[in-house]
Number of protein chains: 2
Amino acid sequence: MAADTISFARGAPSLDIVDVEGLKAAAKRAFENDPAGLTGYGTAIGYPPLRQWIADQHQVEPQNVIVTNGSMQADAFLFDQLVAPGDPVVVERPTYDRTLLGLRQRGADIRPIELEPDGIDVEGVGRLISDGIRPKLAHVIPNFQNPAGYTLSRDKRDGLLALAREHGMTIFEDDPYVAIRFSGDPLPTMLSLDSDDTVVYASSFSKTVCPGIRVGYLVGPADVIAGVQKRATNTYISPNMVAQGIVYEFASSGGMPTAIETVRNALRDRVAALTAALERDLPDAHFVAPEGGYFMWVELPEGVDVDALLAAAGERGVTFVKGTDFLLDGGRNTLRLAYSGVTPKQIDEGISRLAEAYNSLSGTPAAA
Amino acid sequence: MAADTISFARGAPSLDIVDVEGLKAAAKRAFENDPAGLTGYGTAIGYPPLRQWIADQHQVEPQNVIVTNGSMQADAFLFDQLVAPGDPVVVERPTYDRTLLGLRQRGADIRPIELEPDGIDVEGVGRLISDGIRPKLAHVIPNFQNPAGYTLSRDKRDGLLALAREHGMTIFEDDPYVAIRFSGDPLPTMLSLDSDDTVVYASSFSKTVCPGIRVGYLVGPADVIAGVQKRATNTYISPNMVAQGIVYEFASSGGMPTAIETVRNALRDRVAALTAALERDLPDAHFVAPEGGYFMWVELPEGVDVDALLAAAGERGVTFVKGTDFLLDGGRNTLRLAYSGVTPKQIDEGISRLAEAYNSLSGTPAAA
């Protein structure tokens, strides 16, 4: 990769939208206010004041919350707890590549259901169940999905919950992007709509504080949380108390709204730049502009080969992730553009390079 | 447990021997010196400057090092990598209870070999091999062993290495206490004596910086480290960059020697107090005073029931961990005393209470 390559590949924030000064100040206060809590082992459940803060945010009790070393670690514990080899598990099609990997490693019977611009095809989940499949779990990223950027509508949230209740399916509501909505109205979490212990909810501070702090969490039924706690104890005794103490100080001091506003404003500008650049330079691209999050899903005309596009793009100093990475099959004409780590100026130049790469392909519909 | 219970149970430092001011200053510098490195995802290999620092300490290359969220997490990855169900694994008898649990969970064929005051019975390992067992791994805590406080002699280090080389056995040198020797002369690590990729070494900053920072590491053959890195990526993307950045600043600024000296001095005083109190109040106790670390192993006369002792101790406001927790069988007359979290004054009072509990037991040899 050339030094000046513009990367639409990685779902991570650029440094300019991380509140480093706020973090530094939070670290100072954390060591001053609770030296014993930060420096001691603590327990696998997480740093108690942060656990309480999260419980308050979700209007649940602390026994419904465990704070982990990033939410992917939480996913891993939850899969170990709930998914046995051969268990049917519903995922969105496309979905986060590491989720697919984690489920594959555990021998799950992965059942991808089409993701539509208003979220997973709930009727499709219903048909699967009618066909006699009994999914143990349905993994759903409801807001600004990774990789598609799509959001699950309110009606579909209700519909999925009804299916889950009726058929004893757990919904794994994987919601790291919820706080970084930059347009449209927020929707209630399925966790908040659930009254039957049907939902296990995961989120993280990677998108609101920063990824390097590695603090994520699960909210769910007390028995599930207790099971995850046991696994966490046996794996690492306790998660990072220093990091969780810093997040707690950052959050409880009121720094969060300002930090989130900075992120939202930047992402809104970046999506605007991305949309404008695609419309200008790559009119063959089909996409739905996301209302939040880091990602935009782009479909190119049938017959475009994303492998060839990625190679041609690399030669021109721009990169992205192929849609096929997020699918068990198909999607050879799709790609994911992450706009979280690039400025509007870089986006403008990057899409211009991408269009050049696209137009260079022999066999593109335009050339055909 | 009563509010004023004196606990010899947990292997953790008391707050007075943690350099909280040093940590606070290191956190400030870390955010100032490398905001991008601390706040970004990084990779599963760990924070690169800390990885380099550790490599320098052990005179190896960075590709031989991975930095993890505490060393227990490193153990878990390593067991997943090297131990298949049914594989014979040598452990010390007694050994760390979480090591036994981790190996049991993976279906290892656990082969406990007697731990002597100068370390594991290497001839016993040899006999096991002569009997046709081919251990995949030998887990050894060479310095100030948990729970026994014993240290592996130089001769036995050489002997174990020779066996490992000859029979293709990996030595897992689990060495979290090495830096906190407070008497006697340091011995070379088996890692440093090894020239055949026979040793995987683990250590941690829990005992030199603080446990809540949750930073541990592995040193070993590059292929083993690469395999562990892959597992780490799939489990949590990357470990805690903020915490590792703080440890790096703490270590590289020269704060470590002073911090360690504080810990060593305190532990030396605590062992002296413990030894004196046991000799005074509990002359039936047999023990070897450790030269470092957190733990002392105590043997009481045959026939003493440590379950009854623990109950009687609890009633008198003192607690400890039963020796049976560290063994697959036997050891009903043994216990582990952790002196890392108690002051000399508490030790004095705690052993006086323990002796009272001991003397209260019907069926103690004295009463029989």
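Residues numbered from 1 in each chain as written. Chains lettered and ligands numbered in written order. Predicted model: local features only at pLDDT ≥ 70, side-chain atom pairs only at ≥ 80, totals over all residues.

Trainee: Please explain the overall build of chain A as it appears in this structure.
Mentor: Scanning chain A from N- to C-terminus turns up 13 helices and 13 strands. A compact globule built from 368 residues should have a C-alpha radius of gyration of about 21 Å, and chain A, at 21 Å, falls within 12% of that. C-alpha extents for chain A along the principal axes are approximately 65 × 55 × 35 Å. Across the 368 residues of chain A, 52% fall into the buried class. Across chain A, contacts joining residues at least 24 apart in sequence account for 74% of those joining residues at least 6 apart. (Helix = DSSP H or I, 4+ residues; strand = E, 2+ residues; numbered from the N terminus. Rg over C-alpha atoms; globule rule 2.2 N^0.38 Å. Buried ≥ 20, exposed ≤ 12 C-beta atoms within 10 Å, placed from the backbone. Contact = placed C-beta atoms within 7 Å.)

Trainee: Can you help me understand the sheet that holds strand 13 (residues 334–338) of chain A in this one?
Mentor: Across a sheet, paired strands are connected by hydrogen bonds in the backbone, their directions being either parallel or antiparallel. Residue and element names in this part refer to chain A. Sheet architecture is open: three strands sit in the order 10-13-12, paired in antiparallel fashion. Strand pairing shows two members of the sheet lacking a second neighbour, strand 10 (295–299) and strand 12 (321–322), which therefore form its edges. In this sheet, strand 13 lies alongside strand 12 in antiparallel orientation, the contact comprising two bridges. Along strand 13, the bridge assignment pairs V321 with R336. (Pairing = 2+ DSSP bridges.)

Trainee: I keep staring at the pairing of strand 8 (residues 199–204) of chain B and nothing clicks. Help me out?
Mentor: A regular strand places its side chains on the two faces of the sheet in alternate fashion. Residues and elements named next belong to chain B. Summarising burial for strand 8: six of the six residues are buried, a large majority. Of the two faces of strand 8, the one holding V199, Y201 and S203 and the one holding V200, A202 and S204 are both buried throughout. Inspection of the sheet shows strand 7 (residues 170–174) paired to strand 8 by four bridges, in the parallel sense. Bridge pairing links I171 to V199 in strand 8. Looking at chain direction, strand 8 and strand 9 (residues 216–219) are connected through four bridges and run antiparallel.

Trainee: Help me understand helix 13 (residues 344–360) of chain B in this model?
Mentor: Every α-helix carries 3.6 residues per turn, so stepping three or four residues along brings you back to the same face. All names here are of chain B. When the terminal C-alpha atoms of helix 13 are compared, their 24 Å separation across 17 residues agrees well with the 24 Å that a helix rising 1.5 Å per residue should span. Turning to helix 13, its buried residues number three or more, namely I347, G350, I351, L354, A355, A357 and Y358. Looking down the long axis of helix 13, one finds its buried residues gathered within 160° of arc, a one-sided arrangement. At its buried positions, helix 13 is contacted by strand 1 (6–7), helix 11 (255–281), helix 12 (306–315) and strand 11 (318–319). (Expected span 1.5 Å × (residues − 1). Arc of directions from axis to C-beta.)

Trainee: What is the right way to read the relation of the copies chain A and chain B from this model?
Mentor: For these two chain copies, the linking operation is a rotation about an axis paired with a shift along it. Superposition of chain A onto chain B requires a rotation of 180° combined with a translation of 0.0 Å along the rotation axis, giving an RMSD of 0.0 Å. What the rotation and shift describe, once combined, is the action of a two-fold rotation axis. When the interface residues of chain A are mapped onto chain B, 100% of them again fall at the interface, so both copies present the same face. (Least-squares fit on C-alpha atoms with pLDDT ≥ 70 in both.)

Trainee: What am I meant to see in the confidence of the model for chain A here?
Mentor: Any segment with low pLDDT has predicted coordinates that should not be analysed in fine detail. On average, residues of chain A carry a pLDDT of 96, and 98% of them reach 70 or more. The ipTM for the predicted assembly is 0.95, set against a pTM of 0.96. (pLDDT = per-residue confidence, 0-100.)

Trainee: Can you walk me through the interface of chain A and chain B in this structure?
Mentor: Each side of the interface is counted separately: chain A has 38 residues, and chain B has 38 residues. Elements with a contribution of two residues or more to the side of chain A that touches chain B: helix 1 (20–33), helix 2 (35–39), helix 4 (71–82), helix 9 (222–236) and helix 10 (241–252) of chain A. Sort the elements by how many residues they give to the side of chain A that touches chain B and helix 1 of chain A lands first, with six residues.

Trainee: Would you explain the sheet that holds strand 12 (residues 321–322) of chain B in this entry?
Mentor: All names here are of chain B. What the three strands build is an open sheet, ordered 10-13-12; its pairing is antiparallel. Edge positions in the sheet fall to strand 10 (295–299) and strand 12, since each has one partner strand and no second. Where strand 10 and strand 13 (residues 334–338) come together, five bridges link them in antiparallel fashion. Residue pairing for strand 13: E299 is matched across the bridge by T334.

Trainee: I tried to follow unusual backbone geometry on my own but got confused; where do I start?
Mentor: Note: most residues except glycine have negative phi, and most peptide bonds are trans. Residues and elements named next belong to chain A. Along the chain, R93 connects to P94 via a cis peptide bond; the corresponding omega equals 10°. By secondary structure assignment, the location of P94 is in the loop between strand 3 (88–93) and helix 5 (97–105). One non-glycine residue, F144, lies in the positive phi region at around 50°. Mapped onto the elements, F144 comes out in the loop between strand 6 (137–140) and helix 7 (154–167).

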